[in-house]
Amino acid sequence: MSTEIIQDAGPIRLTQFSRGAGCGCKIAPSVLEEILRTEQNGKTFPDLLVGNQSNDDAAVYDLGNGSAVISTTDFFMPIVDDAFDFGRIASANAISDVYAMGGKPLMAVAVLGWPIEKIPVSLAQQVLEGARKTCAEANIPLAGGHSIDAAEPIFGLAVTGLVDVSLLKKNNTATEGDLIYLTKPIGVGILSTAIKRGLIQPEHEAVAIESMCQLNKAGEPLGRIAGVTAMTDVTGFGILGHLVEMASGAGLGAEIFYQDIPVAPGAREYLAQRVVPDATFRNWNSYSSKVGFEKGVPVMEAFSLLPDPQTNGGLFFTVKPGQEEAVEACLQAEGLGAFAKPIGRMVAASDKIISVRNGSFS
């Protein structure tokens with residue numbers, strides 16, 4: 001759906017009103033760690049199953065009846081110029097946090113900041129229309145929200161979900177030897193930066209938008225498979241950052257095979273033009289000391305791809321060896337057959353948390 005509104009200065013491009021874009025707006029991991037640090041001895045809540053004690057995707061609270069409520073919020077500045085697509089992408093990204101816990105989303109409320117003196121409110125209405133479409137695809141209501149007059153356009157959702165406590169998936173519960181799967185290609189941050197710079201080719205823009213709008217619905221059925229030991233979704237820290245969180249949280253290391261990592265069409269083409277998000281460098285600075293490269297890996301390319309910030313990236317999960325058949329059948333049933341193969345495995349901890357191997361796992 002087009003939101004091309006013509007003013008004296010020409011068509012409005014939402015990405016020109018934001019310093020960051022999508023999950024690339026995230027505060028750098030090292031800075032976030034400083035912000036979250038506290039010296040207060042806070043009250044403990046025994047029924048809080050997942051909270052600030054880990055780097056997981058959502059908070060989870062035990063209801064005492066075998067079920068738990070999942071609560072999350074996510075919002076960011078425009079990553080595309082079309083307001084309707086911006087609403088779809090921001091909503092899919094927020095809902096993904098529930099799926100990444102193995103849960104079922106129940107409802108959402110909107111978070112909207114809009115510079116009403118700079119951008120027509122009709123475009124804000126289109127953002128909400130996009131959000132309603134994505135919520136309908138997830139079979140949940142957009143039940144309310146809150147809005148403010150802001151210096152830059154901001155949109156996202158607070159989402160509530162439900163999960164059986166026995167099926168809850170965390171990001172720090174992998175075990176040694178588990179296989180690693182990823183359900184979307186990386187490189188969307190590069191494509192998004194090409195959009196913002198006006199360099200994107202139409203076919204590559206379509207690839208980026210389709211990927212970012214795609215709901216991670218597979219998280220719910222994957223959550224019902226006992227062989228799935230840990231799960232998260234890939235967002236602003238790139239697969240490198242999220243794998244560091246998964247491995248270090250479990251007291252393990254991980255090895256990934258570079259040739260098996262799916263890369264979005266066009267991403268390497270824009271890398272050749274030095275199109276790299278600023279957040280890539282922030283991510284690399286936070287995680288570079290924790291990664292080692294095997295001889296033969298194209299390190300300069302990997303430097304730009306592995307920390308590339310993803311917006312509503314794929315599910316990133318681990319599977320016990322011998323349980324691949326059920327997982328890969330689930331991925332096939334969800335239309336994700338292209339990703340029904342492992343890209344690495346969890347290993348014993350060593351001086352480098354992540355080892356990037358040359359070649360292919362299989």
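Note that this is a predicted model, so its numbers are computed, not measured.

What counts, and where the lines are drawn
Residues numbered from 1 in each chain as written. Predicted model: local features only at pLDDT ≥ 70, side-chain atom pairs only at ≥ 80, totals over all residues. Heavy atoms only, no water. Helix = DSSP H or I, 4+ residues; strand = E, 2+ residues; numbered from the N terminus. Rg over C-alpha atoms; globule rule 2.2 N^0.38 Å. Buried < 20%, exposed > 50% of the residue type's maximum accessible area, 1.4 Å probe, protein only. Axes fitted to C-alpha atoms, helices over the stretch in contact; angles between N-to-C directions. Left-handed = near helix turned anticlockwise from the far one by under 90°. Contact = heavy atoms within 4.5 Å. Nonpolar A, V, L, I, M, F, W, Y, C, P; charged D, E, K, R; others polar. Patch = residues over 30% accessible without salt bridge, like charges linked within 9 Å, V, L, I, M, F, W, Y side chains within 5 Å. Areas by Shrake-Rupley, 256 points an atom, 1.4 Å probe, with all protein chains shown as cover. Salt bridge = Lys/Arg side-chain N within 4 Å of Asp/Glu carboxyl O. Polar contact = N/O pair within 3.5 Å; in protein donor to acceptor, adjacent residues only side chain to side chain. Core = buried A, V, L, I, M, F, W, Y, C linked by side-chain atoms within 4.5 Å. Pairing = 2+ DSSP bridges. Phe/Tyr/Trp six-rings, centres within 6.5 Å; stacked < 30°, edge-to-face > 60°.

1. Brief notes about the overall build of the protein
- Each helix and strand in the protein was counted, giving eleven helices and 15 strands.
- Relative to the 2.2 N^0.38 estimate, which gives 21 Å for 362 residues, the radius of gyration of the protein is 20 Å and therefore close to what a compact globule would have.
- With the C-alpha coordinates aligned to their principal axes, the bounding extent of the protein is approximately 60 × 50 × 45 Å.
- The buried share of the protein, taken over its 362 residues, is 55%.

2. Description of the packing of helix H7 (residues 238-249) against helix H9 (residues 278-287)
- For the pair H7 and H9, the least separation of the axes is 9 Å and the interaxial angle reads 35°. Relative to H9, H7 is oriented so that their crossing is left-handed. Along the contact surface, H7 presents Gly 238, Leu 240, Gly 241, Val 244 and Glu 245, while H9 presents Asn 283, Trp 284 and Tyr 287.
- Split into classes, the residues belonging to the contact of H7 with H9 amount to four nonpolar, three polar and one charged.

3. Topic: a nonpolar patch on the surface
- Residues Phe 45, Leu 48, Tyr 61, Leu 63, Leu 106, Met 107 and Leu 162 make up a contiguous nonpolar surface patch of about 590 Å² in total accessible area.
- Note that Phe 45 resides in the loop between helix H1 (29-36) and strand S3 (48-50).

4. So, the side chain of Thr 72
- Following the sequence through the fold, Thr 72 ends up in strand S5 (residues 67-76).
- At 3.0 Å, the side chain of Thr 72 and the side chain of Asp 97 are in polar contact.
- Ignoring sequence-local partners within four residues, the contact set of Thr 72 consists of Asp 57, Ala 58, Ala 94, Asp 97, Val 98, Leu 157, Ala 158 and Val 159.

5. Some thoughts on the nonpolar core
- The biggest cluster of nonpolar side chains holds 87 residues, and the ones touching the most others in it are Ile 95, Phe 155, Leu 157, Leu 306, Phe 316 and Ile 354.
- Other than its neighbours up to four places away in sequence, Leu 157 contacts Thr 72, Thr 73, Asp 74, Ser 91, Ala 94, Ile 95, Ala 108, Val 109, Ala 110, Cys 135 and Leu 142.
- Formed by 17 residues, the second largest nonpolar core is a distinct cluster that contains Ala 218, Val 228, Phe 317 and Leu 331.

6. Some remarks on unusual backbone geometry
- The phi dihedral of Asn 139 falls on the positive side, at around 60°, and the residue is not glycine.
- Assignment of secondary structure puts Asn 139 in the loop between helix H3 (121-137) and strand S7 (142-149).
- One non-glycine residue, Asn 312, adopts positive backbone phi at about 50°.
- Within the fold, Asn 312 resides in the loop between helix H10 (299-305) and strand S13 (315-319).

7. Some thoughts on the pairing of strand S11 (residues 252-257)
- In terms of burial, S11 is a largely internal element, six of the six residues being buried.
- On S11, burial covers both faces: Leu 252, Ala 254 and Ile 256 on one face and Gly 253, Glu 255 and Phe 257 on the other are all buried.
- For S11 and strand S14 (residues 344-348), the ladder comprises five bridges, and the chain directions are antiparallel. By the bridge assignment, Ile 256 is partnered in S14 with Gly 344.
- Pairing of S11 with strand S15 (residues 354-357) involves four bridges; the strand directions are parallel. Directly across from Glu 255, in S15, lies its bridge partner Ser 355.

8. Here we look at the packing of aromatic side chains
- In the structure shown here, the tally under the stated rule is eight aromatic pairs.
- When the centroid spacing of 5.3 Å and the interplanar angle of 65° are considered together, the rings of Phe 257 and Phe 361 count as edge-to-face. Taken as a pair, Phe 257 in strand S11 and Phe 361 in the segment after S15 lie far apart in primary sequence, 104 residues in all.
- What makes Phe 257 buried here is its relative accessible area of 11%.
- Here the aromatic residues Phe 281, Trp 284, Phe 293 and Phe 303 are joined through ring pairs into a cluster of three or more.

9. Quick notes on the environment of Ala 247
- Topologically, Ala 247 is positioned in helix H7.
- Ala 247 gets classed as buried once you look at its relative accessible area, which sits at 0%.
- Linking Ala 247 and Ala 124, residues 123 residues apart in sequence, is a C-alpha distance of 40 Å.

10. Quick look at the environment of Ser 355
- Take Ser 355: it is sitting in strand S15.
- Classification of Ser 355 by relative accessible area gives buried; the value is 16%.
- A C-alpha to C-alpha distance of 13 Å links Ser 355 and Ile 261, two positions 94 residues apart in sequence.
- The residues touching Ser 355, leaving out its near neighbours within four places in the chain, are Ala 254, Glu 255, Ile 256 and Gly 292.

11. Quick word on the sheet that holds strand S6 (residues 104-114)
- Taken in spatial order, the six strands line up as S3-S4-S5-S8-S6-S7 in an open sheet, and their pairing is mixed. In this open sheet, the two edge strands, each paired with only one partner strand, are S3 and S7. Ignoring which end each strand starts from, the neighbouring axes of this sheet average 20° apart.
- Of the strand pairs in this sheet, S5 and strand S8 (residues 154-164) are connected by ten bridges, and their pairing is antiparallel. Its bridge partner being in S8, Ser 71 is matched across the sheet by Thr 160.
- Against the sheet, helix H2 (residues 83-99) makes contact with S5, S6 and S8, and its axis sits at roughly 30° relative to S8, the strand it touches most.
- In the packing of H3 onto the sheet, contacts are made with S6, S7 and S8, and the angle to S6 comes to roughly 170°.

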